[in-house]
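What follows is the residue order along each chain.
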Amino acid sequence: MAAGQRIGARDLLTHVAGGPFVLVVGILTVSAVIGYLAAVRRVGAPAGRWPLGRTAAFVAGAFGAWVSVGSGVAVYSMTSLTLHIVRHVILMMTVPALISLGRPVTLLRASGIPGAARLLDTASRSRVLGAATHPVPVWFIYLASMYLMLADRPFFAYMMAHPMVQDSGTVSMVVIGLLYWGMLVASGETRRGPSYPARVISILANMPFEVLAGIWLRYQMRPMDPMYTLGDTRAAGEAFIVGATLISTVWLVAVVVQWLAAAWREENAGPKATGDSPGWTVPWWVESVSEA
């Protein structure tokens, strides 16, 4: 599409209503939400054992994924780099963290589905999975993929010219985001993971690189791609700086709260064991597996 070309209502409806990738995403999103709610029902109603906040976080993450792929956001991102950047922030930084806060692995383990716990235990002992989820390579892969999709002009042009590459990039953003943010915000979700100080350092170390990527876009002398304008390219850089910094700060605060709550829980382990009632309880997003 040429820069500034408008998208008609028919094009929007065609994208939202059709397309194999959009259809698959829609089916997977609905199936994931239904399966999650069914597992919650097995564990106990939201008012019972399973915190309602986790359910809300998972549903919000699933909804955000569909909006970014199956709604007009995906269509208009073809003529607005700013909207394309917003979509990137949603798919790589917001959706994965929300889904992780929903604790789907913990829920599956607690649901009592036959074979689920054994399957998860087997997966957790896999060397391949252990290497793929190691915090250090995940951190580098997260940053490398972000720069590849936002700052590498040849790859960006190739991706925008080939729908299948775009779809693959969309999937990779969510998967890499799940690996990165899952190990940071989903305390207790897995048996291995970085310590709380390492989680805080990881987010703080990542934020300057996010700002640099935004600055790179903000001060471009030509459009990122012929389908976009120079003004839109620079506005996209500003949007990424603000959006990425804001979202990272939100998750940084969440991790710090988790850290403080974990310290409080350890300090009050003695009074809890003797039956004394503590003055407050930890929030839903920091409870351990045993307390789920």
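Just above, that's the structure.
It should be emphasised that the depicted structure is a prediction, and the values quoted were computed from it without experimental measurement.

**Student:** What should I look at first to understand the nonpolar core in this one?
**Tutor:** A general trend in soluble globular proteins is that nonpolar side chains are found buried together. M93, Y180, W181, V185, I203, F240 and W251 are the most contacted members of the largest nonpolar core, which has 50 residues in total. Listing elements by their share of this core, those giving two or more residues are α2 (20-43), α3 (52-70), α5 (81-101), α9 (135-151), α10 (153-161), α11 (163-185), α12 (196-218) and α13 (230-267). With 10 residues, the next largest nonpolar core counts V43, W50, F58 and A65 among its residues.

**Student:** Please explain the pattern of salt bridges as it appears in this structure.
**Tutor:** Between side chains of opposite charge, a pair can form when the charged atoms approach closely. All told, the structure shown has one salt bridge when counted by the stated rule. Across the pair R218 and E238 runs a salt bridge whose closest N-O atoms are separated by 2.7 Å. Note that R218 is positioned in helix α12 and E238 in helix α13, a separation of 20 residues in sequence. We classify E238 as partly exposed; its relative accessible area is 39%.

**Student:** Sorry if this is basic, but what is going on with unusual backbone geometry here?
**Tutor:** Excluding glycine, residues mostly carry a negative phi; peptide bonds, for their part, are mostly trans. In this structure, R103 takes a positive phi of about 50° despite not being glycine. Residue classification places R103 among the buried residues on the basis of a relative accessible area of 0%.

**Student:** What am I meant to see in the environment of F21 here?
**Tutor:** Looking at the element boundaries, F21 is found in helix α2. Put simply, F21 and M164 are 143 residues apart on the chain and 8.8 Å apart in space, counted from C-alpha to C-alpha. Beyond its immediate stretch of four places on either side in the chain, F21 contacts V69, D167, T170 and V171.

**Student:** I keep staring at a nonpolar patch on the surface and nothing clicks. Help me out?
**Tutor:** A cluster of nonpolar residues, F209, L212, I215 and Y219, forms a patch on the protein surface that exposes about 390 Å² of accessible area. Assignment of secondary structure puts F209 in helix α12.

**Student:** Where do I start with the packing of aromatic side chains in this structure?
**Tutor:** How two aromatic rings sit relative to each other is set out by the distance from centre to centre and by the angle between their planes. The full count for this structure, using the stated rule, is seven aromatic pairs. Note on Y142 and W181: the rings are 6.2 Å apart at their centroids and 90° apart in plane angle, and the pair reads as edge-to-face. One end of the pair, Y142, is in helix α9; the other, W181, is in helix α11, with 39 residues separating them in the sequence. No difference in accessibility class separates Y142 from W181, as the two residues are buried. Judged by centre distance (6.3 Å) and plane angle (50°), the ring pair of F156 and Y228 falls under tilted. Of this pair, F156 sits in helix α10 while Y228 is found in the loop between α12 and α13, placing the two residues 72 residues apart along the sequence. You'll find F156 and Y228 in the same group, each marked buried.

**Student:** Sorry if this is basic, but what is going on with the side chain of S145 here?
**Tutor:** Relative to the helices and strands, S145 is located in helix α9. Leaving out residues up to four positions away in the same chain, S145 has contacts with M92 and I176.

**Student:** What is the right way to look at α10 in this model?
**Tutor:** Helical geometry note: an α-helix holds 3.6 residues per turn, so side chains three or four residues apart project in the same direction. Of the positions making up α10, those classed as buried are R153, F156, M159 and M160. Along the long axis of α10, the arc covered by the buried residues comes to 130°, so they all point the same way. Facing away from the buried side of α10, by more than 90 degrees, are the exposed residues P154 and A161. Where α10 is buried, its residues meet α5, α9, α11 and α12. Where α10 begins, the side chain of D152 points an oxygen toward the backbone nitrogen of F155, at a separation of 2.9 Å.

**Student:** Help me understand α2, please; the structure alone is not making it clear to me.
**Tutor:** Its 24 residues give α2 an end-to-end C-alpha distance of 34 Å, which sits within 8% of 34 Å, the value for a rise of 1.5 Å per residue. What α2 keeps buried is the set F21, V22, V25, G26, T29, V33, Y36, A39, V40 and V43. Trailing α2 by a residue or two, G44 shows a phi angle of about 150°, which is positive.

**Student:** What am I meant to see in the environment of P226 here?
**Tutor:** Inspection of the secondary structure puts P226 in the loop between α12 and α13. Once the C-alpha coordinates of P226 and T79 are considered, the two residues, 147 residues apart in sequence, prove to be 9.9 Å apart.

The rules we used
- Residues numbered from 1 in each chain as written.
- Predicted model: local features only at pLDDT ≥ 70, side-chain atom pairs only at ≥ 80, totals over all residues.
- Heavy atoms only, no water.
- Core = buried A, V, L, I, M, F, W, Y, C linked by side-chain atoms within 4.5 Å.
- Buried < 20%, exposed > 50% of the residue type's maximum accessible area, 1.4 Å probe, protein only.
- Helix = DSSP H or I, 4+ residues; strand = E, 2+ residues; numbered from the N terminus.
- Salt bridge = Lys/Arg side-chain N within 4 Å of Asp/Glu carboxyl O.
- Contact = heavy atoms within 4.5 Å.
- Patch = residues over 30% accessible without salt bridge, like charges linked within 9 Å, V, L, I, M, F, W, Y side chains within 5 Å.
- Areas by Shrake-Rupley, 256 points an atom, 1.4 Å probe, with all protein chains shown as cover.
- Phe/Tyr/Trp six-rings, centres within 6.5 Å; stacked < 30°, edge-to-face > 60°.
- Arc of directions from axis to C-beta.
- Polar contact = N/O pair within 3.5 Å; in protein donor to acceptor, adjacent residues only side chain to side chain.
- Expected span 1.5 Å × (residues − 1).

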